[in-house]
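# Tertiary structure, described
Chain by chain, the residues:
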Amino acid sequence: MRKFVIPLLIVFFITLFFSVVFAQDLFETRIDYYVGDYPNSVFSIDLDRDDDYDLAVANYLSHNVSILLNNGDGTLQTAVNYTAGDGPSSVFSIDLDGDSNNDLVTANVDSDNISILLNNGDGTFQAAVNYGVGDSPSSVFSSDLDGDGDNDLATANYFSDNVSILLNNGDGTFQTAVNYGTNEKPRSIFSIDLDSDGDNDLATANFASDNVSILLNNGDGTFQTAVNYGAGDGPSSVFSIDLDGDGDNDLATANRYSDNVSILLNNGDGTFQTAVNYGGGDYLCSVFSIDFDGDGDNDLATANRYSDNVSILLNNGDGTFQTAVNYGVGDSPSSVFSSDLDGDGDNDLAVVNENSDNVSILFNMISEWSDKDGDGIFDFYDNCPNVYNPMQSDSDDDYIGDACDLYFSEFIETGSSYPYVFLSALNCNLQIGDEICLYDKEQCLLVGAKIFLGSFPISISAWEGDDDYQLPGFIPGNKLEVRVYKKSRDSIICIDTYGSCLDFRECGNYGVIDSIICNSCIDEHNLEICTAIPTNKWVTISLPKNYLYENDNPNNICETSVIFGEIEGLDIVKDDDGNVYIPKYGIDDLGCSDYTRGYDIFNMGDPDRLCLIGDSITPISAKLIANRWNILGYPLLFETPIELAFQEILDSIDIIKD
């Protein structure tokens, strides 16, 4: 039995350790932005149609709404204020007039009305239009209540103990309010389908009667008599969402006087189970629910006025919750909202603080704590986050796991020339077009490469170096490793992707022999040679000396701009002396091209061809540059064995490949 005690303890310790670290580090330290005077409510949605989440804040004492537009990375522009009614205590944003722009509505406690601010489409707003509601509206919510496709309004009216319903005329104007009774002092309202009949019902948090009122929709925007369910002491906020994963919408309330959250699970028909309470901070003013930890269930956040923090309660997946973890915010937080503010795929926090007149932004770090490959290692620590690799093997200590960038082959025998590395699989999330690169590990040197065409097995030959001719290659007995150049990352060389070798050739800088022979009528000449020009990599072009139009004169047409001008996207041509041709800037130091040397080319456009037309002469010659791959258009008028075609220079050639 003892055999199992230590492993179980280790697993428990690891689980506990990561749970504690995870909970404590879920959010970064806050960043604050000033808004209006005594902000009471915050809402986040895209206001300027640039596909990121902006903020709207209702400022109670300055009687206005602050708009903070997002720069796209979660940083916010300086607040711009728009006048609302008297004492706005709640703000909501949604499309009210059917133009696909998100408009604003505020509930104004001191003027007993709501203010409608229509969006101009760019995150600026028209002057407020006011509609009367009940006595001291403390909260407003908008959804389609009568099933006609536009968004109506509902307010919770604190002193008249009722809710006001304002049906939309379809253009952002509203009918006269119709009121429905609740219990005592409704402070917050939420609208969602609670009884699973397809229409949106109402829930209010009743501050003085310590309960929640449920008003079921008749389907036409009229409502049944309220049914009340007990909550904690002084519920000031209500939120509805599926908390236990059964497909219906449950309730959560933030309770000011009992310093806790009440969870009321839905029976599926709009009736609710007895509240279960979970401790939060001090004097809870607001509750919001969304998935914070990336596990697919909805967690809780509360704004705690007297403890100047927000509490995060993670869901166990069944509607029960872990102990609250607190994060500091500004002075007297009154409202919390969550959305993906920085566009990284997780849900951040925005919290408005009444006494410091600002909004605190807390960025979620779940992208660092998620475990996409399910290997038990958080992505932030995982050296290969997309491939299951619980052992985290990293044989070359480059901080990239072997499962992602490395496949070691130690079967190379000393003295063997041109060994083959045979790969039956490679866990690198390969895509067609990715380049599999073979390296001599000890030399940090590229010694072979192959384009991935979509299937395994793959064999890659490694060429051996030759000191006599200073040709690079593997040293027999050295370890070979496989790295991958990801086409999707737009990296030019492997070092940009993996960063461990400081002295090796560009992955992809190898040549192809891509000749097209024409024996007839190309402008009355008998030969065309086309050489492939790849894109986004340096290649060396060796020009064959057969580019002749008249009188066997190799200098007849030799201008660089003529020879290379047909390559679309050409960035630069240079020779070994440092002379360059840069068409973009009209620079041409090369002048007349010399067929006895090679040229380095970088093409930023689509893959292209360099085609030379002329009359064949004998011998056909081209300068091959040492210690690099040369792309060569080699004209042959008949099928010839490779060793015969290159017999004059076989002693100098290390490898030929198509």
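Structure: see above.
To keep things clear, this report deals only with the structure shown in the data block. What you see is a predicted model; the values in this text were computed from it and never measured.

## A closer look at the overall build of the protein
Within the protein, the regular secondary structure consists of six helices and 42 strands. Out of the 658 residues belonging to the protein, those deemed buried represent 53%. In the protein, the proportion of contacts linking residues at least 24 apart, taken out of those at least 6 apart, comes to 50%. Accessible area for the protein stands at about 28700 Å²; split by element, carbon and sulfur atoms hold 49% of it.

## Quick word on the pattern of salt bridges
All chains considered together, the criterion is met by three salt bridges. Ionic pairing is found between R305 and E354, a salt bridge with its closest N-O pair at 3.1 Å. One end of the pair, R305, is in the loop between β23 (299-304) and β24 (309-313); the other, E354, is in the loop between β27 (348-353) and β28 (358-362), with 49 residues separating them in the sequence. Here R305 and E354 have matching classes, each one buried.

## So, the sheet that holds strand β2 (residues 39-45)
Within a sheet, each strand pairs with its neighbour through backbone hydrogen bonds, oriented either parallel or antiparallel. Spatially, four strands are ordered β2-β3-β4-β5 in an open sheet, and the strand pairing comes out antiparallel. Since the sheet does not close on itself, it has two edges, and those belong to β2 and β5 (80-83), each with one partner. Within the sheet, the average angular offset between the axes of one strand and its neighbour, ignoring direction, is 25 degrees. Two elements, β2 and strand β3 (residues 54-59), share six bridges in a ladder whose sense is antiparallel. Within β3, the position partnered with V42 by the bridge is V57.

## Focus on the side chain of S142
Considering the arrangement of structural elements, one finds S142 in strand β10 (residues 137-143). With relative accessibility at 3%, the residue S142 sits in the buried group. Here D152 takes part through its backbone oxygen, which lies 2.8 Å from a polar atom of the side chain of S142. Setting aside chain neighbours within four positions, we find S142 in contact with F92, I94, L96, N151, D152 and L153.

## As for the sheet that holds β28
Spatial ordering of the open sheet is given by β1-β28-β27-β26, a layout of four strands whose pairing is antiparallel. Two strands bound the open sheet, and with one partner strand each, they are β1 (31-34) and β26 (333-339). Across the sheet, the mean angle from the axis of one strand to that of its neighbour is 25 degrees, orientation sign disregarded. Taken together, the five bridges between β27 and β28 define a ladder with antiparallel strand orientation. From the neighbouring strand, A350 faces β28, where its bridge partner is I361.

## Observations concerning the environment of A301
Mapped onto the fold, A301 is located in strand β23. For the pair A301 and S338, spaced 37 residues apart in the sequence, the C-alpha separation amounts to 8.6 Å. Apart from the residues lying within four places of it in its own chain, the contact partners of A301 are S286, V287, F288, F292, S311, I312, V336 and L349.

## Topic: unusual backbone geometry
Leaving glycine aside, a negative phi is the common case for residues, and trans is the common case for peptide bonds. Of note in the backbone geometry, R49 takes a positive phi value of approximately 60 degrees without being a glycine. Within the secondary structure, R49 sits in the loop between β2 and β3. Although it is not a glycine, D308 sits at a positive phi angle of roughly 50 degrees. As for its position among the elements, D308 is in the loop between β23 and β24. On the accessibility criterion, D308 (29% relative accessible area) is partly exposed.

What counts, and at which threshold
Residues numbered from 1 in each chain as written. Predicted model: local features only at pLDDT ≥ 70, side-chain atom pairs only at ≥ 80, totals over all residues. Heavy atoms only, no water. Helix = DSSP H or I, 4+ residues; strand = E, 2+ residues; numbered from the N terminus. Buried < 20%, exposed > 50% of the residue type's maximum accessible area, 1.4 Å probe, protein only. Contact = heavy atoms within 4.5 Å. Areas by Shrake-Rupley, 256 points an atom, 1.4 Å probe, with all protein chains shown as cover. Salt bridge = Lys/Arg side-chain N within 4 Å of Asp/Glu carboxyl O. Pairing = 2+ DSSP bridges. Axes fitted to C-alpha atoms, helices over the stretch in contact; angles between N-to-C directions. Polar contact = N/O pair within 3.5 Å; in protein donor to acceptor, adjacent residues only side chain to side chain.

Function cannot be read off these values alone, since they describe shape.
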